[in-house]
Amino acid sequence: MSKIQINNVGKVFRRSGGPQSQAVTALRSLDLQVSEGEFVTLVGPSGCGKSTLLDILAGLSLPDSGQVLVDGRPITGPGLERSVVFQQYALFPWRTAVANVEVGLESQARGKGGLTKQERRARATEYLRLVGLQGREERYPNELSGGMRQRVAIARALAHEPQVLLMDEPFAALDAQTREQLQDLLLQVWQRTGTTIIFITHGIEEAVYLGQRVAVMSSQPGTIREIIDIDLGDKSAVQDIRSTGRFGAYRHQIWNLLHHQDLPTGSTDIDDAEHVAAVVAA
């Protein structure tokens with residue numbers, strides 16, 4: 001059974017006012033299955049409903065039709081088995097890095113099986129180390145760079161050890177070099193923790209680099225147009241995987257899908273797409 005099952009999900013926003021109320025269909029008949037420990041990226045045009053889908057997965061919004069299941073149980077609201085990282089860091093400016101990471105652990109402490117204060121500090125420190133912020137535990141957000149703040153946000157999301165990590169364009173506001181560094185960091189954390197990750201992005205290259213599969217969404221109303229299996233081999237074995245023909249082929253294939261273009265007749269797999277990308281590049 002899939003870890004996450006998104007079955008025929010639809011979402012409509014209704015705007016009141018004026019002579020008639022207006023309805024905007026954000027999602028329609030959207031289906032997606034995500035396996036345990038899988039890293040799936042979602043890419044699509046602006047306004048296609050990517051963030052709406054993430055809100056539903058997080059339990060911040062409910063679908064108007066269909067259902068979303070985690071381990072076979074419907075999502076009815078936020079839950080500790082799911083954690084979210086947004087584009088904005090949303091750190092408390094009056095709390096240090098380690099104290100920000102402890103926030104989620106404090107809510108656990110009030111429930112059954114919660115951690116003691118000492119255990120919370122140790123757990124928060126461990127996850128700050130995991131994201132490369134050892135030695136900066138007592139820094140306040142205004143003393144950290146944008147990339148460091150997002151590392152704190154990732155550590156906070158992971159510290160209570162969720163089963164599912166939902167990420168809504170978490171690196172979009174960062175410069176290119178920092179973004180690539182955090183992409184590599186996220187892959188390392190994912191490989192170490194085995195957390196199921198759904199990562200929303202506008203960037204085709206980011207989607208290809210991070211995802212085991214890339215789900216390409218159509219424009220509004222949003223649905224899954226196609227799912228691309230990504231096989232780049234061992235990324236660490238290639239100095240610049242993004243410059244390879246295979247990476248370029250995936251990028252070209254997804255670009256075509258986003259722009260409603262099909263590959264030439266007879267192009268049925270990524271090897272054909274790789275050839276097309278090489279011709280275009282030439």
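In the block above lies the structure referred to throughout.
Let me begin by describing the structure that accompanies this report.

### Let's talk about the packing of helix H4 (residues 146-159) against helix H5 (residues 176-193)
What describes two packed helices is the angle between their axes and the distance between those same axes.
Next, step 1: The N-to-C vectors of H4 and H5 enclose an angle of 20°; their axes lie 11 Å apart at closest approach. Between H4 and H5, the interaxial angle falls into the category roughly parallel. As for how H4 packs across H5, the hand of that crossing is right-handed. Residue-level inspection shows Gly147, Gln150, Arg151 and Leu158 of H4 in contact with H5, the latter providing Thr178, Leu182, Leu185 and Val189.
Next, step 2: For the contact of H4 with H5, the class distribution of residues is 4 nonpolar, 3 polar and 1 charged.

### So, the environment of Gln191
Next, step 1: Mapped onto the elements of the fold, Gln191 is located in helix H5.
Next, step 2: As for Gln191 and Gly37, which are separated by 154 residues in sequence, their C-alpha atoms are 9.0 Å apart.

### Re the sheet that holds strand S1 (residues 4-15)
Next, step 1: Judged by pairing direction, the sheet is antiparallel, and its 4 strands sit side by side in the order S2-S1-S4-S5 without closing on themselves. For this open sheet the edge positions go to strand S2 (22-34) and strand S5 (73-74), each flanked by a neighbour on one side alone.
Next, step 2: Sheet analysis places S1 next to strand S4 (residues 65-70), joined by 5 bridges and oriented antiparallel. From the neighbouring strand, Gln5 faces S4, where its bridge partner is Leu69.
Next, step 3: Its contacts with the sheet put helix H1 (residues 50-58) on S1, S2 and S4, and the angle it makes with S1 is roughly 115°.

Thresholds, definitions, all that
- The residue numbering used here restarts from 1 in each chain and proceeds along that chain's sequence as written.
- Predicted model: local features are reported for residues with pLDDT of at least 70 only, side-chain atom pairs are reported and counted for 80 or more only, and whole-chain, interface and lining totals are derived from all residues.
- Just so you know, side-chain values use all the structure's heavy atoms and leave hydrogens and water out.
- Only the stretch in contact is used when a helix axis is fitted, and all axes are lines through C-alpha atoms; the angle between N-to-C directions ranges over 0 to 180 degrees.
- Segments assigned H or I by DSSP are reported as helices when at least four residues long, segments assigned E as strands when at least two residues long, and all are numbered from the N terminus.
- Angular relationships are summarised with four words: roughly parallel below 35 degrees, roughly antiparallel beyond 145, roughly perpendicular across 65 to 115, and oblique for the angles in between.
- Left-handed is the label given to a crossing in which the near helix is rotated counterclockwise from the far helix by less than a right angle, and right-handed is the label when the rotation is clockwise.
- We call two residues contacting when some pair of their heavy atoms lies within 4.5 Å.
- Side-chain classes are defined by residue name, with Ala, Val, Leu, Ile, Met, Phe, Trp, Tyr, Cys and Pro counting as nonpolar, Asp, Glu, Lys and Arg as charged, and the others, Gly among them, as polar.
- By the convention used here, strands pair only if DSSP detects at least 2 bridges between them.

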